[in-house]
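Commentary on secondary and tertiary structure
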Amino acid sequence: MATGRGRALRQYGRGAAAASPGAAEVGPPRPFTPAVTAAGPRNRSRSFAARPGACSETVNAGIKSLYLTPSIKLKPNLCIESLPSEMLIKIFSYLDAVSLLSVGCVNKHFYHLANDNGIWLKIYSSCFQPKRTIWKMKSEQTETISLGCASLHDRKPGYWKKEYIFKQIAAVKMRVMQLVKSVDPYTGLPCKNKEAMKPHRRSLIAEYPLANLTESSVAVGADKLVQLFSLNPGLLVGLWKEKNEIAFVMASLHYHQLLERSTLGSATVQYALPPNKPVLDDVDPEYGLHDYSLHLDMHGGSCTYLCGTFKSLFCRKGDIADGYLRLTVVSLKDNKKHLPLVGTLGLSWETDVFKGNVKDCYVMDVTLLDETGKPFWCFSAPVYIELSSEASSLYDYPGRTYTTDYADSEGKVCVELVWLEETKEYFIVNLVLYVSTKKVNNWYGTNY
């Protein structure tokens with residue numbers, strides 16, 4: 001092996017010497033001639049050492065080129081970014097709008113190319129028909145030219161991209177408005193809220209502190225397996241009794257402006273409801289105290305116990321006390337308006353393995369409308385029935401008296417019920433709404 005390496009070096013040295021500046025001719029290296037056999041390895045080594053010193057640097061360079069320089073030539077790195085802009089625009093022209101928007105987020109170069117007006121005009125024209133066209137007459141045919149194509153180069157880059165996005169947003173809003181246009185005459189809320197509420201991104205509706213759940217919530221009820229806790233607004237959490245772990249979570253959200261809260265907010269910031277602009281009425285001395293309408297739903301998930309509408313509710317100025325307007329819906333004195341609750345009260349729950357029913361609990365949905373039919377006070381929350389500590393003054397109902405109370409920053413609801421043992425049902429004998437005067441003054445511009 002050493003002998004072969006020596007031959008190669010001698011051959012390279014001879015060629016380098018022939019190509020040196022002192023040589024008479026410049027040509028290819030001489031062919032390799034083997035040494036005489038009688039000389040032996042010593043003679044070959046001596047003859048190699050006897051070469052001129054001027055060729056030593058060339059020989060060293062030859063050694064490096066033989067053993068260190070790879071023989072394979074490296075190809076230049078090719079990527080899609082190195083393609084010409086014309087080719088990239090041609091590739092981008094086959095993408096849809098969503099893919100084109102995603103490509104524009106790769107880098108700055110792709111962003112400028114993805115804003116090409118020619119691509120976006122094609123997408124815009126395929127989705128929205130142009131309103132005006134220019135007719136150009138030729139020899140044997142008539143051709144329709146879009147007005148956008150004629151002024152394509154006069155627009156700034158990204159113009160048709162913005163036009164497409166704005167048109168899409170307007171089209172979605174138009175479809176949603178058509179769905180929510182029809183309003184329920186009893187609730188004052190859109191009839192097709194469920195169909196319209198299909199958000200494509202998450203929107204924060206409410207936040208609940210769950211660190212100290214038992215302290216920051218209200219115990220609603222319990223059965224053999226779970227215990228229920230309620231948090232405003234409308235959150236019901238079930239805890240396993242034995243392990244004290246969360247079994248399920250139920251959210252009871254009111255429909256009022258739920259579409260806006262579900263779509264117009266962000267993942268971290270809630271949608272801020274627009275403030276109401278009060279219209280002051282100087283003619284009516286009791287403006288804001290009458291012509292209220294109430295729509296009340298009491299249900300336990302799959303069963304509805306009461307669903308009714310009560311109109312022409314009012315409050316006299318003398319009934320305003322402790323910062324609340326008193327709106328009497330069902331009076332103790334008028335037994336003709338007392339209402340029965342259909343079925344056995346209870347709130348149904350179900351998990352992947354277990355299911356149950358917590359007795360004497362239900363969900364109350366309240367929608368209070370002002371005199372113009374606009375939602376004034378709305379909430380949906382789980383409530384519970386408890387035995388009243390006061391003795392009943394009703395002679396027509398010999399059963400026990402129970403109460404249900406709800407309160408938030410805008411008002412209170414007080415319900416008084418009587419249990420009839422013979423018919424095994426509850427009767428609502430008193431139902432009163434207390435509305436905050438602060439809310440009434442802000443809504444109507446009054447000063448009660």
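The structure we're discussing is the one just above.
Residues numbered from 1 in each chain as written. Predicted model: local features only at pLDDT ≥ 70, side-chain atom pairs only at ≥ 80, totals over all residues. Heavy atoms only, no water.

**Concerning the overall build of the chain**
Along the backbone of the chain there are 13 helices and 18 strands. In the chain, the proportion of contacts linking residues at least 24 apart, taken out of those at least 6 apart, comes to 53%. Of the roughly 29,400 Å² of accessible surface on the chain, 56% is carried by carbon and sulfur atoms. (Helix = DSSP H or I, 4+ residues; strand = E, 2+ residues; numbered from the N terminus. Contact = heavy atoms within 4.5 Å. Areas by Shrake-Rupley, 256 points an atom, 1.4 Å probe, with all protein chains shown as cover.)

**A few points about the pattern of salt bridges**
Counted under the stated rule, the structure contains two salt bridges. The closest approach of N and O atoms between Lys424 and Glu421, which form a salt bridge, is 2.3 Å. The exposure class assigned to Glu421 is partly exposed, which follows from its relative accessible area of 48%. (Salt bridge = Lys/Arg side-chain N within 4 Å of Asp/Glu carboxyl O. Buried < 20%, exposed > 50% of the residue type's maximum accessible area, 1.4 Å probe, protein only.)

**With respect to the side chain of Asp370**
Structurally, the position occupied by Asp370 is in the loop between strand S13 (361-369) and strand S14 (375-384). Although Asp370 is buried, it forms no salt bridge, and the closest oppositely charged side chain is Lys374 at an N-O distance of 6.3 Å. The residues touching Asp370, leaving out its near neighbours within four places in the chain, are Asp291, Tyr292, Phe376, Trp443 and Tyr444. (Lys, Arg positive; Asp, Glu negative; His and termini not counted.)

**Notes on the sheet that holds S13**
What the four strands build is an open sheet, ordered S8-S7-S13-S14; its pairing is antiparallel. Both edges of this open sheet fall to strand S8 (304-313) and S14, since each of them pairs with a single strand only. When strand polarity is set aside, the average angle formed by the axes of neighbouring strands in this sheet is 10 degrees. Direction of pairing for strand S7 (residues 292-299) relative to S8: antiparallel, over a ladder of seven bridges. Counted as the bridge partner of His299 is Thr304 from S8. (Pairing = 2+ DSSP bridges. Axes fitted to C-alpha atoms, helices over the stretch in contact; angles between N-to-C directions.)

**Observations concerning unusual backbone geometry**
What is expected of a backbone is that most residues other than glycine have negative phi and most peptide bonds are trans. Cis rather than trans, the peptide bond between Asn232 and Pro233 has omega equal to 0 degrees. Within the secondary structure, Pro233 is located in the loop between strand S4 (226-231) and strand S5 (235-240). If you check the backbone angles, Ser312 has positive phi at about 60 degrees while not being a glycine. Within the secondary structure layout, Ser312 lies in strand S8. Taking relative accessible area as the criterion, Ser312 reaches 53% and is therefore assigned exposed. Phi at Asp360 is positive, roughly 60 degrees, even though this residue is not glycine. Residue classification places Asp360 among the partly exposed positions, given a relative accessible area of 31%.

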